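Architecture and fold: a report
Chain by chain, the residues:
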Amino acid sequence: MLKVSNVCFSYDAKKVLNNISFSVNQGEHIAIVGESGCGKSTLLRCLYGLYDLDEGELAYNNEKILGPAYNLVPGMDFMKYLAQDFDLMPFITVAENIGKYLSNFYKEEKQIRIKELLDMVEMTPYANVKAKLLSGGQMQRVALARAIAREPKVLLLDEPFSHIDSFQKNRLRRNLFRHLKEANITCIVATHDREESLPFADKILVMKAGETLSYDTPNTIYNTPKNKYTAALFGDINVLNKKDFGGYDEELICYPHQVHIVQENGTPATVKECYYRGADYLVIAELTNKQQVFVETKKQFTLNDTILITI
Ligand SMILES: Nc1ncnc2c1ncn2[C@@H]1O[C@H](COP(=O)(O)OP(=O)(O)OP(=O)(O)O)[C@@H](O)[C@H]1O
């Protein structure tokens, strides 16, 4: 188990992490989400032992994770940390980069493992290409393969698919997270992307300004967000008053798919914008009190159409 207890950390005088605590069971996948600058990358770097904490403690199976003041070579052996820069060796091939940390003692096993990893990140055709000739997305895939080559106990990933196009991203995510589950590797991912956190995380850690707001399952965090900040991390949100919809005077946070267009007995709204999104349309409508409402709908509307909505 990875245990994070009351961690505080500052860069010089600037406090970036404030009293962070959570624990992760072996094999669990955690997504760290939060607005840019809230401290996600810093937390990952602390977990890896790259910084000395101001306060608090980090431990893996009761072994303390210590920073550079106590560790000549920062970073822990049983972990791998993949930063936003990929740190590949430019003048050696893709296959050599992936195999860099694999032992040469078991040559045959090494080649089999490299082949398996090349397949997983869909880079087999580039096995003999020098890393410097790759695109950003290709480099990121190689860096991912290299990070898991030796099957760490804990994998720390910072925006691991940020350079990969959406065409490949979903398949790669499924490949990677399936592999990590099968190998019982604990994975902590800092991400902005709901497609990474909701489907693949066992738990989501929501951070704001260096603090933890929530730590729970994706289902609970998404369906019962504690605040607007949390809900907005997953896309457009509505902050409505139930009294505008025939209810009590009470605030309601809801997503566009939770607002429905009805034929009768709804609150009138005027369509101001309508965006095609492939499977549906996003309508931005205005109530008579000028309150803006996001609505997901299968039907296309045009400017100034009147719709009736319920929540
Ligand atoms: N090396 C550093 N020295 C000083 N301040 C830093 C350093 N790295 C990050 N910061 C500051 O610490 C805060 C947290 O940064 P961090 O990179 O951890 O946030 P983040 O949530 O990962 O952001 P993003 O999602 O944009 O990557 C920011 O205000 C940032 O400016």
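Residues numbered from 1 in each chain as written. Predicted model: local features only at pLDDT ≥ 70, side-chain atom pairs only at ≥ 80, totals over all residues.

Considering the sheet that holds strand E9 (residues 203–208)
- Across the sheet, which stays open at both edges, the six strands sit in the order E6-E7-E8-E3-E9-E10 with mixed pairing between neighbours. The open sheet is flanked by strand E6 (79–82) and strand E10 (211–216), the only strands paired with a single partner. Between one strand and the next, the sheet's axes are offset by a mean angle of 15 degrees, whatever the strand orientation.
- Bridging between E9 and E10 involves five bridges; their strand directions are antiparallel. Across the sheet, the residue bridging to isoleucine 204 is aspartate 216, located in E10. (Pairing = 2+ DSSP bridges. Helix = DSSP H or I, 4+ residues; strand = E, 2+ residues; numbered from the N terminus. Axes fitted to C-alpha atoms, helices over the stretch in contact; angles between N-to-C directions.)

A word on the site of the ligand
- With respect to spatial proximity, the complete set of residues near the ligand consists of Tyr11, Lys14, Val16, Gly34, Ser36, Gly37, Cys38, Gly39, Lys40, Ser41, Thr42 and Ala190.
- For the shell around the ligand, the elements supplying multiple residues, two or more each, are strand E2 (14–24) and helix H1 (40–48).
- Broken down by element, the residue count for the shell around the ligand peaks at three residues, all from H1.
- Split by residue class, the shell around the ligand holds four nonpolar, six polar and two charged. (Near = placed C-beta within 6 Å. Nonpolar A, V, L, I, M, F, W, Y, C, P; charged D, E, K, R; others polar.)

Notes on the domain arrangement of the protein chain
- By the assigned domains, the protein chain splits into domain 1 (2–232) and domain 2 (238–310).
- The C-alpha-based centres of domain 1 and domain 2 are spaced at 39 Å. (Domains from an automatic or database assignment.)

Describing the sheet that holds strand E16 (residues 292–297)
- The antiparallel open sheet is built from five strands, whose spatial order is E13-E17-E14-E15-E16. Single-partner strands in this sheet number two, and they are strand E13 (260–262) and E16. Neighbour-to-neighbour, the strand axes of the sheet open up by a mean angle of 50 degrees, direction not taken into account.
- As judged from the six bridges shared by strand E15 (residues 281–287) and E16, these two strands associate in the antiparallel manner. What sits directly across from tyrosine 281, in E16, is threonine 297.

Overview of helix H4 (residues 136–148)
- Compared with an ideal rise of 1.5 Å per residue, which puts 13 residues at 18 Å, H4 spans 19 Å between its outermost C-alpha atoms and is within 8% of the ideal.
- Here H4 lies mainly inside the structure; 11 of its 13 residues are buried.
- Looking at the buried residues of H4, the elements they touch are E6, helix H2 (94–98), helix H3 (107–120), strand E7 (154–158) and helix H5 (166–182). (Expected span 1.5 Å × (residues − 1). Buried ≥ 20, exposed ≤ 12 C-beta atoms within 10 Å, placed from the backbone. Contact = placed C-beta atoms within 7 Å.)

Here's the deal with unusual backbone geometry
- Despite not being glycine, asparagine 6 shows a phi value in the positive range, around 50 degrees.
- Relative to the helices and strands, asparagine 6 resides in strand E1 (residues 2–11).
- Of note, glutamate 159 is a non-glycine position whose phi angle comes to about 45 degrees, a positive value.
- With respect to the helices and strands, the residue glutamate 159 is situated in the loop between E7 and H5.
- Looking at glutamate 159, the number of C-beta atoms within 10 Å reads 18, which means it is partly exposed.

Some words on the UniProt feature "domain: ABC transporter" (unreviewed entry) in the protein chain
- With numbering matched to this structure, UniProt assigns "domain: ABC transporter" (unreviewed entry) to residues 2–234.
- Taken end to end, residues 2–234 has its terminal C-alpha atoms 27 Å apart, with 33% of it in helix and 26% in strand. (UniProt positions renumbered as here; feature names shortened; annotations may be inferred.)

Observations concerning H5
- With 17 residues, H5 extends 24 Å from end C-alpha to end C-alpha; this agrees with the ideal 24 Å at 1.5 Å per step.
- Asparagine 184 sits one or two residues past H5 and shows a positive phi near 55 degrees.

Details of the nonpolar core
- Within the largest apolar cluster, 64 residues are counted, with the highest numbers of intra-cluster contacts made by Ile32, Val142 and Leu156.
- At seven residues, the largest contribution of residues to this core is made by H4.
- Once residues lying within four places of it in the same chain are set aside, the contact partners of isoleucine 32 are Lys40, Leu43, Ile188, Val189, Ala190, Leu205 and Met207.
- Counting nine residues, the second-largest nonpolar core is a separate cluster that includes Ala269, Ala285, Val293 and Ile307. (Core = buried A, V, L, I, M, F, W, Y, C linked by C-beta atoms within 7 Å.)

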